[in-house]
Amino acid sequence: MRLKTRLIHGGIDGDPNTGAVSVPIYQVSTYKQEAIGKHKGFEYSRTGNPTRHALETYIAELEGGARGLAFGSGMAALSTILSLFNKGDHLIVGDDVYGGTYRVVTRVFTRLGLEASFVDTGDLAAIEKAVQPNTRAIIMETPTNPLLKVSDISALADIAKSKNVLLIVDNTFMTPYWQNPLDLGADIVFHSATKYLGGHSDVVAGLVVTKDAELGEELHYVQNAIGGILGPQDSWLLLRGMKTLGVRMEEHETNTRALAEWLSKRSDIKKVIYPGLSGHPQHELMQKQARGFGGMISFDVGSAERADEVLSKVKWFTLAESLGAVESLISVPARMTHASIPAERRAELGITDGLVRISVGIEDVEDLIEDLEQALS
Ligand SMILES: *Cc1c(COP(=O)(O)O)cnc(C)c1O
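Cut-offs applied
- Residues numbered from 1 in each chain as written.
- Predicted model: local features only at pLDDT ≥ 70, side-chain atom pairs only at ≥ 80, totals over all residues.
- Heavy atoms only, no water.
- UniProt positions renumbered as here; feature names shortened; annotations may be inferred.
- Salt bridge = Lys/Arg side-chain N within 4 Å of Asp/Glu carboxyl O.
- Helix = DSSP H or I, 4+ residues; strand = E, 2+ residues; numbered from the N terminus.
- Buried < 20%, exposed > 50% of the residue type's maximum accessible area, 1.4 Å probe, protein only.
- Contact = heavy atoms within 4.5 Å.
- Core = buried A, V, L, I, M, F, W, Y, C linked by side-chain atoms within 4.5 Å.
- Domains from an automatic or database assignment.
- Axes fitted to C-alpha atoms, helices over the stretch in contact; angles between N-to-C directions.
- Parallel < 35°, antiparallel > 145°, perpendicular 65-115°, else oblique.
- Left-handed = near helix turned anticlockwise from the far one by under 90°.
- Nonpolar A, V, L, I, M, F, W, Y, C, P; charged D, E, K, R; others polar.
- Phe/Tyr/Trp six-rings, centres within 6.5 Å; stacked < 30°, edge-to-face > 60°.
- Lys NZ or Arg CZ within 6 Å of the ring centre and 35° of its normal.
- Pairing = 2+ DSSP bridges.
- Buried area = accessible area lost by both parts, 1.4 Å probe.
- Polar contact = N/O pair within 3.5 Å; in protein donor to acceptor, adjacent residues only side chain to side chain.

You'll find the protein entered in an unreviewed UniProt entry as Bifunctional cystathionine gamma-lyase/homocysteine desulfhydrase, with Brevibacillus fluminis given as the organism. On record in UniProt, under Sequence similarities (unreviewed entry), the comment for the protein is "Belongs to the trans-sulfuration enzymes family." The heading Cofactor (unreviewed entry) in the UniProt record of the protein holds the text "pyridoxal 5'-phosphate".

As C-alpha cells, then:
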C-alpha cells in the first residue's frame, strides 16, 4: 500500500461489526468479561480502548514501527517516554528543542534524578563527546523551531547504536507524510499530534511509535501505569484529521514554498529561513532524509517595532502560538514561544526580536501574499 492509500485505508479500516466506514467512538470505560480474564481484548479503557487502539495501530503503520501509543498531549507522550529511565540515567537533548521539552526535562525529570546535557544535534562530534557511561538516550528534533535547523537522523542513529543508547525523535514538524525517523534508524518517534496530525486546531494529543515490539510493550506498561492516555472522542478526531494529512501537507508545502520565494525577493526582509530553499545550509541533508520540507517558515523583518507593525496589519494570519493547522498562524518567537529563554541566549541562537514565524495554512496563497504585501508596505 502506498502512503496516500495507507492514510485512507491503513490501520483499522472502519468497523467490522457494523460495516460503518469510520471507526466508532467507543465512549466506554469498562468491558464485560464472559469469565474472569476472558474478554475480547479490552478490559478497562486506560489499558486499551477500541477507538484509541485504531489510532495507535494507524500511527504505528504510518511511521513503520511495531507499536503505537496515544496520549493526552505531546508532553504526556514525552513524559511517559522519559519514565522508561531510572534515577542516575543521563540524556542528551538537542539544545534547540521545543520549550516544553526543555522545561519538563530540566524542571521535572532532573528533580527525579535524571541527568541531561543540552547539545547541538547538528554537531555530531559534540554529540559523540557528550555520551557518558550512564547515557541512555539522545532526544532530538528536526527541523527545529523557529530556526529550522536540520540534523542528520541516520548519522545520529549510527552514534546511538555504537554507544548502545536509544535515539528518540520528535517528528512533529514533518509528520510521517514527509519523514520516517524509524526507517532512518531511530528507536522511538513521537509527535505533538496537536499540530499537523490533528490539523484543525481542535484537539491536543500526543502519539508515540516504537521500532520494536519489546520496547513498545515496555512503553505500554508505563502508559497504563501512569495513565496519560488519549480519550475516545479525541482519538476519533485525530483519526478523522489524519485522513487528509496527505492533501494538507502537500498544500502547506506548496504555499510555504511560494511565500519563501516571494519573501526572498524582498529587500526589506533581512533573512528568510526555509529548508526548501536551496540556500538553506542543510537543504541537501533535508532532501536526503525527508520527502518534503514542511509548512513552517521564519523570516527577519529587522526589529521588534517592525514585527509589531506587520502583526497588527495582517488579516489572514492569526496571531497565535501552535502550528500545523489549516489556518495560517503568525508569531514572534522572541516574545511568545521563546520568551522564557534569556535574551543573551536568544541572541546566541539567532532568535532576533524581528524574527517572525509563520505556520503556513492552506488558504489560497495569492491571498496570503497580498496580505503580507500590504502588511509590509
Ligand atoms: C507543541 C509541541 C510539543 C508539545 O506538544 P503538546 O501537544 O502541546 O503537549 C512538542 N514538540 C513540538 C515540536 C511541538 O511543536
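Read on, since the account is not over.
A. Looking closely at the pattern of salt bridges. Scanning the model with the defined rule gives twelve salt bridges in all. A salt bridge links Arg-345 to Asp-95, with the shortest nitrogen-to-oxygen separation between them at 3.7 Å. With a gap of 250 residues between them, Arg-345 in helix α13 (residues 343-349) and Asp-95 in the loop between β2 (90-94) and α4 (99-109) connect regions that are remote in the sequence. For Arg-345, a relative accessible area of 29% corresponds to the partly exposed category. Look at Asp-95 and you get partly exposed, because its relative accessible area is 23%. Here Arg-335 ties to Asp-308 by a salt bridge, and the two come within 3.1 Å at their closest N and O atoms. Of this pair, Arg-335 sits in the loop between β11 (329-331) and α13 while Asp-308 sits in helix α12 (residues 304-313), and the two are 27 residues apart along the sequence. The exposure class of Arg-335 is partly exposed, given its relative accessible area of 43%. Among the ionic contacts, a cluster of salt bridges with common partners joins Arg-266, Asp-268, Arg-306 and Glu-373.

B. Summary view of the UniProt feature "modified residue: N6-(pyridoxal phosphate)lysine" (unreviewed entry) in the protein. Within the UniProt annotation, "modified residue: N6-(pyridoxal phosphate)lysine" (unreviewed entry) is assigned to Lys-195. The residue Lys-195 is located in the loop between β6 (188-192) and β7 (206-210) in this model. Setting aside its immediate chain neighbours within four residues, Lys-195 contacts Thr-172, Ser-322, Leu-323 and Gly-324.

C. Fine view of the nonpolar core. Ranked by internal contacts, the top residues of the largest apolar core, which has 85 residues, are Leu-167, Leu-207, Leu-238, Met-242, Val-356, Ile-358 and Leu-372. Residue-level mapping places this core at the junction of two domains, with at least three residues from each of domain 1 (3-242) and domain 2 (246-376). Formed by 26 residues, the second largest nonpolar core is a distinct cluster that contains Leu-91, Val-97, Val-208 and Val-222.

D. Representation of the packing of helix α3 (residues 74-82) against α4 in the model. Look at α3 against α4: their axes get within 11 Å of each other, and the N-to-C directions meet at 45°. With respect to each other, α3 and α4 are oriented oblique. In this structure, the crossing between α3 and α4 has a hand that is right-handed. Side by side, α3 and α4 meet where Met-75, Leu-78, Ser-79 and Leu-82 of the first sit next to Gly-100, Thr-101, Val-104, Val-105 and Phe-109 of the second. For the contact of α3 with α4, a count of residues per class yields six nonpolar, three polar and no charged.

E. Highlighting the packing of aromatic side chains. Under the criterion given, the structure shown has four aromatic pairs. With 6.5 Å between their ring centres and 65° between their planes, Tyr-274 and Phe-293 make a pair best called edge-to-face. Here Tyr-274 is found in the loop between β8 (271-273) and α11 (283-289), whereas its partner Phe-293 is found in the loop between α11 and β9 (296-300), with 19 residues between them in sequence. Across the pair, exposure class does not vary: Tyr-274 and Phe-293 are buried alike. For the cation-ring pair, Lys-243 lies above Tyr-58, with the distance from its terminal atom to the ring centre recorded as 5.4 Å.

F. Representation of the sheet that holds β9 in the model. Here five strands make up an open sheet; going across it, the order is β8-β9-β12-β11-β10 and the pairing mixed. Of all the strands in the sheet, just β8 and β10 (318-319) have a single pairing partner and so form its edges. Where β11 lies against strand β12 (residues 355-359), three bridges are found, and the strand directions are antiparallel. Note that in β12 the partner of Ile-330 across the bridge is Ile-358. Strands in contact with helix α10 (residues 245-264) are β8 and β9; relative to β9, the strand with the most contacts, it is inclined by about 15°.

G. A look at the domain arrangement of the protein. Per the domain assignment, the segments of the protein are domain 1 (3-242) and domain 2 (246-376). One C-alpha centre belongs to domain 1, the other to domain 2, and the line joining them spans 26 Å. On the domain 2 side, the residues contacting the 34 residues of domain 1 number 39 residues. Buried surface at the junction of domain 1 and domain 2, both sides included, amounts to about 3000 Å², of which 57% is carbon and sulfur. In this structure, the connection of domain 1 to domain 2 is made through two salt bridges. Here Lys-288 and Asp-152 are joined by a salt bridge, their closest N and O atoms 3.6 Å apart. For the pair domain 1 and domain 2, the number of links is 17 residue pairs in polar contact (both at pLDDT 80 or more). Those elements that place two or more of their residues in the side of domain 1 that touches domain 2 are α1 (3-9), α6 (153-163), α7 (175-178) and α9 (232-242). Sort the elements by how many residues they give to the side of domain 1 that touches domain 2 and α7 lands first, with four residues. Broken down by class, the residue content of the side of domain 1 that touches domain 2 amounts to 17 nonpolar, twelve polar and five charged.

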